Amino acid sequence: MKITKLLNIKYPILQGAMAHISYAPLVSAVSNSGGLGIIASGGMTKEEFKNEIIKCKKLTNKPFGVNLMLMEKNCDDLVKVILDEKVKVVTTGAGSPERYLEAFKKANIIVIPVVSKLKHAIKMEKLGVDAIIVEGSEAGGHIGETSSIVLIPEIAKHVNIPIIAAGGICDEHGLLAFNALGASGIQMGTRFLASHECPAHMNYKNAIISAKEDSTVVIFKNIGTPVRCLKNNLTDKYFESEKKPQSLDKFKKLAIGALKRAAQDGDILNGSLMCGEIASNINEILSVNDIIQNIMTNYTKLLSEIK
């Protein structure tokens, strides 16, 4: 597949960059198992980010990447760390990587933005990025408006660079389906969240594997920054605040640090349990290697059955 050759990885599987979750233990486990692990820089200082990259280098000699949230105030500092540490792959979100592309290209860094609209995919290809991650509304965390099953084939008709499908994927069925729809690889966040190597609190992991098909909701949709997470006290308070516009600012303050409360403190009642709709299909916590090997073994079986 195009993406394995581009990234020099064994399997066409990327690990989604989840803030306060995608640290070196998870990232290195994914890379060591043949996928591409990705450090999430969101919420990190440049010192924390550098230390995490150094830790990852000690844990794996395989390729890994980092994610850059372009709205972060310390983005310039984080980019300097990426260049200094000679990171090979950068995924980007929350904006256009245009202002950093020249420096990244000069350093032979592979750049892969996350997009959720056709017009953005076309723009990224024109800018000269190496591939795109196309994320559908089924995904966890910050999402777009269109489902992956509609978005992927539409974008595949208009761009020639490799597409990585994200949102609504946790197994071999997702890999096969999105290959058929035009993607050359997949990115999974929620599936890797429910892994032994993931440093997220066990309460968070257990909430994932207990989820049903209607367990997630989208908050902040009415203000243009939709976020998918599991229903809990926090989401209930959000929908109450929607009925009273004057309460929304109060809720925004309440939501500050909510993901960190869930991921690190295990607060599943008042923390933000970001995850995708696919959580309902995840029923056990497995090792990263088992997750990847199961997908690839069963993917091969599915292909042979179709033929």
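Below is a summary of the structure that appears in this document. (Residues numbered from 1 in each chain as written. Predicted model: local features only at pLDDT ≥ 70, side-chain atom pairs only at ≥ 80, totals over all residues. Heavy atoms only, no water.)

A general tendency of soluble globular proteins is for nonpolar side chains to be buried together. Among the nonpolar cores identified, the biggest contains 78 residues, and L68, I132 and Y204 are the most heavily contacted of them. The dominant element in this core, judged by the number of residues it contributes, is helix 14 (residues 288–306), at 7 residues. Among all residues touching L68, those that are not within four sequence positions of it are S41, C75, L78, V79, I82, V90, T91, T92, G93, Y100 and F104. Ranked by size, the runner-up nonpolar core spans 13 residues in total, among them L14, I38, I110 and A166. (Core = buried A, V, L, I, M, F, W, Y, C linked by side-chain atoms within 4.5 Å. Buried < 20%, exposed > 50% of the residue type's maximum accessible area, 1.4 Å probe, protein only. Helix = DSSP H or I, 4+ residues; strand = E, 2+ residues; numbered from the N terminus. Contact = heavy atoms within 4.5 Å.)

We now examine the environment of L234. Mapped onto the secondary structure, L234 falls in helix 11 (residues 233–243). With 37 residues separating them along the chain, L234 and G271 place their C-alpha atoms 6.6 Å apart.

Our focus in this paragraph is the sheet that holds strand 5 (residues 110–115). Pairing within the open sheet is parallel, and its 8 strands lie in the order 1-9-8-6-5-4-3-2. Of all strands in the sheet, those with a lone pairing partner are strand 1 (13–15) and strand 2 (37–40), marking the two edges. Adjacent strand axes in the sheet meet at a mean angle of 25°, parallel and antiparallel pairs treated alike. Where strand 1 and strand 9 (residues 185–188) come together, 3 bridges link them in parallel fashion. Across the sheet, residue Q15 finds its bridge partner in strand 9, namely M188. Sheet contacts for helix 3 (residues 46–59): strand 2 and strand 3 (64–69); angle to strand 3, the most-contacted strand, approximately 165°. (Pairing = 2+ DSSP bridges. Axes fitted to C-alpha atoms, helices over the stretch in contact; angles between N-to-C directions.)

Another point: the sheet that holds strand 11 (residues 227–230). On the basis of which strands lie adjacent, the open sheet formed by 3 strands has the order 7-11-10 and antiparallel pairing. Among the strands making up the open sheet, the edge pair consists of strand 7 (141–142) and strand 10 (216–219). Judged from the 2 bridges that link them, strand 7 and strand 11 form a sheet pairing that is antiparallel. Paired with H142 across the strands is V227, a residue of strand 11. In this fold helix 11 packs onto strand 10 and strand 11, with an angle of close to 45° to the strand it touches most, strand 10.

Attention shifts here to the packing of helix 4 (residues 75–84) against helix 5 (residues 98–106). Interaxial distance between helix 4 and helix 5 falls to 11 Å at its minimum, and their mutual angle equals 15°. Accordingly, the angle class assigned to the pair helix 4 and helix 5 is roughly parallel. Seen along the crossing, helix 4 lies across helix 5 with a hand that is right-handed. Of the residues in helix 5, those touching helix 4 at C75, D76, V79, I82 and L83 are R99, Y100, A103 and F104. Classifying every residue of the contact of helix 4 with helix 5 gives 7 nonpolar, no polar and 2 charged. (Parallel < 35°, antiparallel > 145°, perpendicular 65-115°, else oblique. Left-handed = near helix turned anticlockwise from the far one by under 90°. Nonpolar A, V, L, I, M, F, W, Y, C, P; charged D, E, K, R; others polar.)

What follows is about the packing of helix 3 against helix 4. The N-to-C vectors of helix 3 and helix 4 enclose an angle of 25°; their axes lie 9 Å apart at closest approach. Overall, the two elements helix 3 and helix 4 adopt an arrangement that is roughly parallel. Crossing hand, helix 3 versus helix 4: right-handed. Contact residues: helix 3 offers K46, F49, K50 and I53, while helix 4 offers D77, L78, V81 and I82. Of the residues that constitute the contact of helix 3 with helix 4, the class distribution is 5 nonpolar, no polar and 3 charged.

Among the residues of helix 5, Y100, L101 and F104 are the ones counted as buried. Viewed end-on, helix 5 has its buried residues packed into an arc of 125°, placing them on one side of the element. Facing away from the buried side of helix 5 by over 90 degrees, the exposed positions are R99, E102 and K106. For helix 5, the elements touching its buried residues are strand 3, helix 4, strand 4 (89–93), strand 5 and helix 6 (118–127). Two residues or fewer after helix 5 comes N108, characterised by a positive phi angle close to 60°. (Arc of directions from axis to C-beta.)

Here we come to a negative patch on the surface. A cluster of acidic residues, E47, E48, D76 and D77, forms a negative patch on the protein surface. Elements represented by at least two residues in the negative patch include exactly helix 3 and helix 4. Structurally, E47 is set in helix 3. For E47, a relative accessible area of 47% corresponds to the partly exposed category. (Patch = residues over 30% accessible without salt bridge, like charges linked within 9 Å, V, L, I, M, F, W, Y side chains within 5 Å. Areas by Shrake-Rupley, 256 points an atom, 1.4 Å probe, with all protein chains shown as cover. Salt bridge = Lys/Arg side-chain N within 4 Å of Asp/Glu carboxyl O. Lys, Arg positive; Asp, Glu negative; His and termini not counted. Charge placed at Lys NZ, Arg CZ, Asp CG, Glu CD.)

The next thing to look at is the pairing of strand 4. Within strand 4, 5 of the 5 residues are buried, which leaves it mostly tucked inside the rest of the structure. By the alternation rule, side chains of strand 4 split into V89, T91 and G93 and V90 and T92, which are all buried. One ladder, built from 5 bridges, connects strand 3 with strand 4; its direction is parallel. Considered in strand 4, the bridge of V66 is made with V90. After leaving strand 3, the chain enters helix 4 and then returns to the sheet as strand 4, a path that is right-handed. In this structure, strand 4 lies alongside strand 5, joined through 4 bridges in parallel fashion. (Right-handed = clockwise from strand over helix to strand, strands pointing away.)

In short, shape yes, function no, at least from these values alone.
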